[in-house]
Structure formats: C-alpha cells, structure tokens
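Residues per chain, in single letters:
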Amino acid sequence: MPTVAIVGRPNVGKSALFNRLAGRRIAIVHDQPGVTRDRISAPCHISEQPCTIIDTGGIGATLDDGFGAAVTTEADIAMQTADLILFIVDAKDGITVIDEDLAKRLRKSKAPVQLIINKADNEKQDLLTGDFATLGYGEGIPVSAELGKNMHMIADAIDKVVEPLNRDIEEAEQVVKKEGLKIAIVGKPNAGKSSLINAILKDDRTIVSDVSGTTRDAIDVPYEFLGEQHTLIDTAGIRRRTKMDSSVEVFSSMRAERSIRRADICLLVIDCAEGVSAQDRKIARIIQDEKKPCLIVLNKFDLFHPNAQKSARLEEATEHVRTELFFLAYAPYVCVSALKKQSIGLVFSKLAEIRKAAQNPITTGKLNRFLGEAFAKKPPQAKKGTKRLKLLYATAAVNDRYTAIPVPTYILFVNDKRLMQEHYEQYLTNRLREDHPSPGIPITFSVRSRN
Ligand code: GDP
C-alpha cells in the first residue's frame, strides 16, 4: 500500500493531524517523549485512495540527543519509506531554524513533498501563510488539525499522488492473476524433476505440447489447478528435448539460477534416498541468495527405508535435510514419490499455505510493537566501550510489489547499525518466525543508521 509520511518539528501538531487523517477521535496529544508506538502508522481515512499514514514524530521522540537529531532522523525515515511527504509547519510560530533545516534536508527526497501550514485557525493566520513559500515548497495548504479545517485539501493532495500508484498496483495484480504463480522446479539431475512434472500433469503430455514461451534455460509449462493458472518452469525438460551432451550438465546450476530468479516460488527437488549432495546445497544457496520463497520436495520417498514405520521415515528424512540445508530453515518440506504419484497433492496444499501466509503480511504497527517487545525482553548487549543498539522504527518493504508471492525486507532504523550483532539479528528472526509464522518466505532485515 502507498505510504504518506507526516514530518515536522515538535509541537507543530503532527499527532493531531495524524488523528484527523486516520479518522480517529481527537485526543489532543502534545508531542512528548515516550509516546506510544500505536501512533506511528494507521490506514488513512480521509482519502478516497487506500494508503497508510505514518507519523514520524513518534519515532525520534525516543532519541536522547535533542530535537535536531530526532527531526532529521524522522525526515530520513520518511524519505526512505514514503510515497508522499507532508511537511508540517506552524502558522502561529512562523518559520523556525528547524523548519529551514528540514526544508533543506527534504530537498533530497525522491517522493513529492507537500507543505502543510497547521494552526491556521482563523483568517489572520491564513494571511500569514505567504511567508512559508520561502521554504521552497510552494504556497502550502493552510489547515487547522484541531478544528478539522481544510482537511479535504490534504485529501486531494494525497489522492493526486496515491491514485496513480494504486492504479499501477491494480494493473500489476491483474497481470499476476493472468500469469498465475510461476513455480520453478529445480534440483540436481536425476532428483526426479521430470517425473514430478509428469505426476503433476498426470501424464497428460498434450498439455506440454501447448508450451507457451520457451527460453534456453527452461520450458514454461502452463498448468491449471483448481481453476487457477500456474506456470511450471521446467528446468529438466530442456535437456531431454534438445539432447544436449553431458558436459552441459555442468551448467545446470547456472540455468537453474536464471529460472530461480524469475520464479515466484521454487520447488527444490531432492532425492531423499540419496541424501543431500553438494549440488543440492549449491542450488539451495542460490534460492537463499535470491531471497525466493521455497518449498523442499523430498522425492523418491518410496525408496527411503521402505520397510520402516512411516512416521519414523518422515522424521528421519526431514531431520537430515534440516541439518544439511539449515540455512533454508524457512522452507517447509513435503515427502513425495513422483514415480508412484504419491502425496503429490501435498505439494499444492503447501503452496496454498505459503501463499495465504504471504497475503497477510505483518502490519507496520504490529511489527513495531512486536520488535519493541522483543528488544525489551532481551535487550541487546553493548560491547565494552560502545553504545547500546537502539531501535527507532521498523517497516516492511517489498522489493517487487508486483509478484504473486511478495517477499518483505524488514527495514530497521537504529541509532547505529554497527551495533547490530549477528546473534541478535538471529534472535529477532527466530522470534518473528514464532510470532508471525510465514512458511516458505525468507526473513531479511536491512539495518540502517540514522543520518
Ligand atoms: P530429473 O533429472 O530431475 O528430471 O529426474 P527424472 O525425473 O528424470 O528421474 C530420474 C530417475 O529417478 C528416473 O529413472 C525416475 O524414474 C526415477 N524417479 C523419479 N522419481 C522417483 C520416485 O519418487 N521414486 C522412485 N523410486 N524413482 C523415481
């Protein structure tokens, strides 16, 4: 969803404005340290267009080194996360030094900046507003958050920016719907990729003859499942069809790489009777590096200790992969036999589970509450002679809004990113996984310092 950020020095009325835009009952909250993180983000209610409004004023308030630092941090966060910035000034106070600093800083913003002159409660203050043009953002919109005056003008300014963004998102959603889920079927030679595709297509090879686009790396096989369109990216089929010589096998992981990159999700097929090999690990690393959703398919399960008890077999097979591919811990497993067409339905029910979780991403408000609690429960330890890591604000960014399974990167704005230790990031990852399970989806943090 597009994001609108409110930026301004303390006491210009950011929280009152935030409440107005969020359609909340007005409790006039004066800017004060320690405000609740609930105030940080909410759906915008005054605009016709769906968008999220964030109040950066709740963020810098937790800093202990003065207004100036807090305000510049807020501006930086807004510039990195928002599609539109509402720059708030105070009609009663006129232009202050901090306003001028902010105006200068916001000049670097890629997102448009709309100047809002708050506390223009009466005619006389309306007249004063001309001065603010010297900040370099035009005349500005005179409003009174307290009285609810001219809110429609802010709504129009928001709609103008957000409407085309929402239109793009909607168009992309249509394309995604048409193309369906792009599923790359990858794995080392002989893992059973072709057999899996055959099992999925139920040997109905006429479907394969309708192959639409082919690339040198793979064959795209359209496949409809429960009325929904899917594209199977078949990295095995090309070898069969063109009878390339075996030296080409060396390049199979390179081919897999390109297929992985354009897929929404990867099915990593592993021959569980043979166990995880170096080549499996190599392909798994590519999936991890590309931050792709993944489902691990343990194939040839019929050959895996066939005489043992099923539950023990399942446990042993998954335990082995879990250890060998520990870095792909986010990927769930299914045990199947492609040859015997056993448990193929599980692949699709797991895919559905992964998609469902991806469609309910954690909201910014929840993310900040959750991380606030995680930090409080186990505060980061400061190394000798250094400061303690402090979290200012977190938000989820999606690299590509236009895919069937969007993968978020959690951006953490902190006092100094050098203070983030690997084990602490791991702790946050584990907690987030427990608290907000998203099977198949990788968790990535991007840690940024203010300034
Ligand atoms: P690909 O190179 O990954 O496409 O692998 P194939 O699908 O060609 O399979 C390689 C070999 O393993 C073939 O002889 C298949 O019949 C066999 N195979 C594939 N899946 C299974 C399975 O689930 N169980 C058993 N027993 N054999 C399998």
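My aim in this report is to walk through the structure given alongside it, one point at a time. (Residues numbered from 1 in each chain as written. Predicted model: local features only at pLDDT ≥ 70, side-chain atom pairs only at ≥ 80, totals over all residues. Heavy atoms only, no water.)

Residues in contact with the ligand amount to 18 residues; listed here are only the nearest, N190, K193, S194, S195 and D302. Separating an oxygen atom of the ligand from a backbone N or O atom of L339 is a distance of 3.3 Å. Protein chains shield 81% of the accessible area of the ligand, which is 580 Å² for the free molecule. Of all the secondary-structure elements, those providing two or more residues to the shell around the ligand are α7 (193-201) and α9 (237-242). The greatest single-element share of the shell around the ligand, amounting to 3 residues, is contributed by α7. Partitioned by chemical class, the residues of the shell around the ligand number 6 nonpolar, 6 polar and 6 charged. (Near = heavy atom within 4 Å. Polar contact = N/O pair within 3.5 Å; in protein donor to acceptor, adjacent residues only side chain to side chain. Areas by Shrake-Rupley, 256 points an atom, 1.4 Å probe, with all protein chains shown as cover. Helix = DSSP H or I, 4+ residues; strand = E, 2+ residues; numbered from the N terminus. Nonpolar A, V, L, I, M, F, W, Y, C, P; charged D, E, K, R; others polar.)

Taken together, the 6 strands give an open sheet; going across it, the order is β8-β9-β7-β10-β11-β12, and neighbouring strands pair in mixed fashion. One side of each edge strand has no neighbouring strand; the edge strands of this open sheet are β8 (219-225) and β12 (333-335). For this sheet the average axis-to-axis angle between neighbouring strands, irrespective of direction, equals 25 degrees. In this sheet, strand β9 (residues 228-234) lies alongside β8 in antiparallel orientation, the contact comprising 7 bridges. Counterpart to D220 in the pairing with β9 is I233. This element, helix α6 (residues 151-179), spans β7 (181-186) and β9 of the sheet and lies at about 70 degrees to β9. (Pairing = 2+ DSSP bridges. Axes fitted to C-alpha atoms, helices over the stretch in contact; angles between N-to-C directions. Contact = heavy atoms within 4.5 Å.)

With respect to topology, 6 strands assemble into an open sheet ordered β2-β3-β1-β4-β5-β6, the strand pairing being mixed. Looking at which strands have only one partner, the edges of the open sheet turn out to be β2 (41-43) and β6 (141-142). Sheet topology places strand β4 (residues 84-90) next to strand β5 (residues 113-118); 6 bridges connect them, and they run parallel. Paired with I88 across the strands is I116, a residue of β5. Strand contacts of helix α4 (residues 97-106): β1 (3-7), β4 and β5, with the helix running at about 165 degrees to β4, the strand carrying the most contacts.

Now for helix α1 (residues 14-21). Of all 8 residues in α1, 7 are buried, a share of seventy percent or more. Residues of α1 that are buried: K14, S15, A16, L17, F18, N19 and L21. (Buried < 20%, exposed > 50% of the residue type's maximum accessible area, 1.4 Å probe, protein only.)

Vacant regions in the atomic arrangement are exposed by a probe of water-molecule size rolled over the atoms. By the definition in use, this model includes 2 cavities of 30 Å³ or more. Its volume calculated, the second largest cavity comes out at about 40 Å³. What lines the second largest cavity is P380, Q381, L389, L419, M420, Q421, H423 and Y424. Looking at the lining of the second largest cavity residue by residue, the classes come out as 5 nonpolar, 3 polar and no charged. (1 Å grid on protein atoms, 1.4 Å probe; cavity = no way out; pocket = protein on both sides within 12 Å on 5 of 7 lines; lining within 4 Å. Points joined across faces, edges and corners; volume = space filled by probe spheres on them.)

So, on to the pairing of β1. By the criterion of burial, β1 is predominantly enclosed, with 5 of the 5 residues buried. Alignment of β1 against strand β3 (residues 52-55), held across 4 bridges, turns out to be parallel. Residue A5 lies in a different strand from β3, and its bridge partner there is I54. Sheet topology places β1 next to β4; 4 bridges connect them, and they run parallel. Along β4, the bridge assignment pairs I6 with L86.

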